[in-house]
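# Observations on the model geometry
The chain contents come next:
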Amino acid sequence: IWVALLAPLFLGEALTRERVLAVILGFTGVLIVARPDISKPDPAVLAAVTCAVCFAFSLMATKKLTSDQSITCILFWLTSMQLAMGLVTTFFAGTVAFPEGVGVLWIVIVGFAGLMAHFCITSALLLAPAIVVVPLDFMRLPLISVIGFLAYGEALELPILIGAGVILMAILINLRAEQQRESKLS
């Protein structure tokens, strides 16, 4: 949502009717899957909203950088900044527990997967407008629910399936509109 609202201001991307519909439907699908309790204020919700705004600015900065920087350069600086921030938070935590045995393998796997995720999102932002790429990220919530079901035996409830369907519909609307826009330009 934040990328859709801020990209027209900071990136000059058009906020079309289809894009607004895709964002509204995608967010509705996320709400159906997550079913947040809005009856009582929670500082964690404020923290999550703040993180979402910061993530939106990060994505827009990445999109802006793709115009004149290589993906390798962007990934290098992104990883370097995350390393610095991680070291600072480690310093404030006061203790460090070094992994042993199979823990080292898991850290390498998670690190590689994280780097590949950054590579994929940066590559996507190089190829398409941020308002087209970011709604695809809405699928992360139902996909993690499926992983929770498969890996941990968590319940796969009807609202998760309904929300996933709404999110998928939003993504298809957005991609179809983008495809039509591209064909008109060709």
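Anything mentioned here points back to the structure above.
Residues numbered from 1 in each chain as written. Predicted model: local features only at pLDDT ≥ 70, side-chain atom pairs only at ≥ 80, totals over all residues. Heavy atoms only, no water.

### Considering the state of the cysteines
Taken as a whole, this structure holds zero disulfides when the rule is applied. Just so you know, Cys54 is unpaired, no disulfide at all, and the nearest cysteine sulfur is the one on Cys51, 6.5 Å from it. Unpaired in terms of disulfides, Cys73 finds its nearest cysteine sulfur in Cys120, a separation of 18 Å. (Disulfide = S-S within 2.5 Å.)

### Description of the packing of helix α2 (residues 17-34) against helix α8 (residues 158-185)
Interhelical geometry of α2 versus α8 gives an angle of 165° and a closest axis separation of 7 Å. By the angle between their directions, the pair α2 and α8 is classed as roughly antiparallel. Considering the relative orientation of α2 and α8, their crossing is left-handed. Each residue belonging to the contact of α2 with α8 can be placed in one class, and the counts come to 16 nonpolar, four polar and four charged. (Axes fitted to C-alpha atoms, helices over the stretch in contact; angles between N-to-C directions. Helix = DSSP H or I, 4+ residues; strand = E, 2+ residues; numbered from the N terminus. Parallel < 35°, antiparallel > 145°, perpendicular 65-115°, else oblique. Left-handed = near helix turned anticlockwise from the far one by under 90°. Nonpolar A, V, L, I, M, F, W, Y, C, P; charged D, E, K, R; others polar.)

### Things to note about the packing of aromatic side chains
Using the criterion set out here, one finds three aromatic pairs in the structure. Their ring planes at 70° and their centres at 5.6 Å tell us that Phe91 and Phe92 sit as a pair that is edge-to-face. A relative accessible area of 64% means that Phe91 is categorised as exposed. (Phe/Tyr/Trp six-rings, centres within 6.5 Å; stacked < 30°, edge-to-face > 60°. Buried < 20%, exposed > 50% of the residue type's maximum accessible area, 1.4 Å probe, protein only.)

### Some remarks on the layout of surface pockets
Put simply, the largest pocket is a space of about 940 Å³. Together, 26 residues line the largest pocket, and Phe27, Val30, Ala48, Ala52 and Phe138 are the ones closest to its centre. Secondary-structure elements contributing two or more residues to the lining of the largest pocket are α1 (2-10), α2, α3 (43-65) and α7 (140-152). The class makeup of the residues in the lining of the largest pocket is 21 nonpolar, no polar and five charged. The computed volume of the second largest pocket comes to approximately 700 Å³. Surrounding the second largest pocket, 27 residues form its lining, Phe55, Gly114, Ala117, His118 and Ile121 being those nearest its centre. Sorting the residues of the lining of the second largest pocket by element identifies α3, α4 (71-93) and α5 (102-127) as the ones contributing at least two each. (1 Å grid on protein atoms, 1.4 Å probe; cavity = no way out; pocket = protein on both sides within 12 Å on 5 of 7 lines; lining within 4 Å. Points joined across faces, edges and corners; volume = space filled by probe spheres on them.)

### Some details on the side chain of Arg19
Here Arg19 lies in helix α2. Taking relative accessible area as the criterion, Arg19 reaches 5% and is therefore assigned buried. Side-chain polar atoms of Arg19 contact the backbone oxygen of Ala14, separated by 2.5 Å. Excluding its chain neighbours within four sequence positions, the residues that come into contact with Arg19 are Ala14, Pro129, Ile131, Val132, Asn174, Glu178 and Arg181. (Polar contact = N/O pair within 3.5 Å; in protein donor to acceptor, adjacent residues only side chain to side chain. Contact = heavy atoms within 4.5 Å.)

### Examining the packing of α1 against α3
Direction vectors running N to C along α1 and α3 enclose 40°, while the axes themselves pass 10 Å from each other. When the interaxial angle is binned, α1 and α3 end up oblique. The handedness of the crossing between α1 and α3 comes out as right-handed. Residues Trp2, Val3, Leu6, Ala7 and Phe10 of α1 form the contact with α3, whose own contacting residues are Val49, Ala52, Val53, Ala56, Phe57, Leu59, Met60 and Lys64. Class assignment of the residues belonging to the contact of α1 with α3 gives a composition of 12 nonpolar, no polar and one charged.

### What to know about the side chain of Glu178
By secondary structure assignment, the location of Glu178 is in helix α8. Here Glu178 is in contact with Arg19, Pro129 and Val132, once residues within four sequence places are set aside.

### Description of empty space enclosed by the protein
If you walk through the whole model with that rule in mind, you get one cavity of 30 Å³ or more. Size it by volume and the largest cavity reaches roughly 40 Å³. For the largest cavity, the full set of lining residues is Ile1, Val3, Ala4, Val23, Ala130, Ile131, Val134, Pro135 and Phe138. Going through the elements one at a time, α1 and α6 (130-133) are the ones with two or more residues in the lining of the largest cavity. Considered class by class, the residues forming the lining of the largest cavity number nine nonpolar, no polar and no charged.

Read these as spatial facts, not as claims about activity.
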